Amino acid sequence: MAKLPYLGTALTNLFRKPVTIAFPAGEAPAAQPAYRGRIAFDASKCINCGMCERVCAPSCMTRVAKPLEGGEPGDQEITFTFDMTSCTFCGMCADFCAKKAITLTEDYMMTGIIAEDFLVTGKVIKKAPPKPKFTPEQLAAMKAAAEAKKKAAEAAKAAAQQA
Amino acid sequence: MLFNLDKKITEAIDDAASKSLWLYHINAGSCNGCDIEIVAALTPRYDAERLGCKLTGSPRQADIVLVSGPVTLQSRDRLIRTLAQVPEPYCLVTVGSCPCSGNVFKGSYAICGPVDKYRHVDVSVAGCTPKPEAIMAGIAQAAAILKEKRRGMHE
Ligand code: SF4
Ligand code: SF4
């Protein structure tokens, strides 16, 4: 009998599952571990240092500050917007963020029709620093008073020694 | 006409056309990363041909145009000229971050993007580079939009 090459392979292939993944009919497969996909921004951890904006090569994030509604005067609401159509997913922002507020998730399914489909936003509340107790003028007056008191005490001491 | 025959024929043609999407790919100065992923989306593992897609070599046969790259100075006029040859209705899909925004090249003297300066972009796929699954999702989304466009043309 003539030898039939590949017959075994052909027959086993008949009963094998297809290698084609079912997507888009089925579930999209998960990305590999440590895949750098869509950015997740945890605004509660962020301290608004601005490091992420500095290290981002395509300047994909914007920070917009506006006065906080219903807050103390000087409080600010800072809106972070990461534009995923601008990002190269290098991960620099996540590496440089001292507070680990930025993570790159494994979500790679980023398709959309309008620009808003690609934005990741977060709002950071920045409190105004506490008001100093005394104004500079008051402080200067207090300093002068203390100095005068010291001088008077010294003069009194010198007078007591001479007597 | 008799029994609305003309309407039925148009509908049948539209239905058939929505299952036969010919892709045309324009590289507008891309680094080749997205181009490779587009080709990967056509391989047996992802198999965009299941959706009826076929890569064509001529813009005159295209239903869905995939654009990659940040639109360089050299490729801008060619991109516009090529897109002008695509028959209506068609869907413009941008693949990757570059055609949407310019990515790391934005602000360069040699970059004239983004693509939506020149043509309406129907679907954008973000990523640098997008995974083939994301490109497939973009093509599927474009197919749905194209179907609507075709129907709109007959009304
Ligand atoms: S996200 Fe991180 S790096 Fe960016 S401003 Fe907030 S704390 Fe700083
Ligand atoms: S991953 Fe890279 S490109 Fe994307 S926002 Fe962070 S620093 Fe910018």
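Residues numbered from 1 in each chain as written. Chains lettered and ligands numbered in written order. Predicted model: local features only at pLDDT ≥ 70, side-chain atom pairs only at ≥ 80, totals over all residues. Heavy atoms only, no water.

A.B. asks: When you look at the domain arrangement of chain A in this model, what are you seeing that I'm missing?
C.D. replies: Interfaces are often sized by the accessible area lost when the parts come together. Partitioning chain A into domains gives domain 1 (33–131) and domain 2 (132–163). Between the C-alpha centres of domain 1 of chain A and domain 2 of chain A there is a distance of 52 Å. (Domains from an automatic or database assignment.)

A.B. asks: Got a minute to help me understand the environment of A:Pro33 in this structure?
C.D. replies: Within the fold, A:Pro33 resides in the loop between α1 (7–14) and β1 (39–41). Along the primary structure A:Pro33 and A:Glu106 are separated by 73 residues, whereas in three dimensions their C-alpha atoms are 7.5 Å apart. (Helix = DSSP H or I, 4+ residues; strand = E, 2+ residues; numbered from the N terminus.)

A.B. asks: What should I look at first to understand the site of ligand 2 in this one?
C.D. replies: Close to ligand 2 lie A:Ile39, A:Cys56, A:Pro58, A:Cys60, A:Met61, A:Cys87, A:Thr88, A:Phe89, A:Cys90, A:Gly91, A:Met92 and A:Cys93, which account for all nearby residues. Taken together, the residues of the shell around ligand 2 sort by class into ten nonpolar, two polar and no charged. (Near = heavy atom within 4 Å. Nonpolar A, V, L, I, M, F, W, Y, C, P; charged D, E, K, R; others polar.)

A.B. asks: Would you explain the sheet that holds strand β3 (residues 76–83) of chain A in this entry?
C.D. replies: The strands making up a sheet are joined through hydrogen bonds of the backbone, oriented either antiparallel or parallel. All names here are of chain A. Taking strand neighbours across the sheet as the criterion, the three strands line up as β2-β3-β6 in an open arrangement whose pairing is antiparallel. In this open sheet, the two strands that pair with only one neighbour each are β2 (61–67) and β6 (119–126). On average, each strand axis in the sheet is tilted by 20 degrees relative to the strand beside it, whichever way the strands run. Bridge analysis of β2 against β3 gives seven bridges, and the strand direction is antiparallel. Residue pairing in the sheet places Met-61 in a bridge with Phe-82 of β3. (Pairing = 2+ DSSP bridges. Axes fitted to C-alpha atoms, helices over the stretch in contact; angles between N-to-C directions.)

A.B. asks: I keep staring at the packing of aromatic side chains and nothing clicks. Help me out?
C.D. replies: All chains considered together, the criterion is met by four aromatic pairs over all chains. Ring centres of A:Phe80 and A:Phe82 lie 6.5 Å apart, and the angle between their planes is 25 degrees; on these two criteria the pair is classed as stacked. We classify A:Phe80 as buried; its relative accessible area is 1%. Looking at A:Phe82, the relative accessible area reads 0%, which means it is buried. Grouping aromatic residues by their ring pairs yields a cluster made of A:Phe41, A:Phe80 and A:Phe82. Against the face of A:Tyr35 rests B:Lys131, its NZ or CZ located 5.3 Å from the ring centre. (Phe/Tyr/Trp six-rings, centres within 6.5 Å; stacked < 30°, edge-to-face > 60°. Buried < 20%, exposed > 50% of the residue type's maximum accessible area, 1.4 Å probe, protein only. Lys NZ or Arg CZ within 6 Å of the ring centre and 35° of its normal.)

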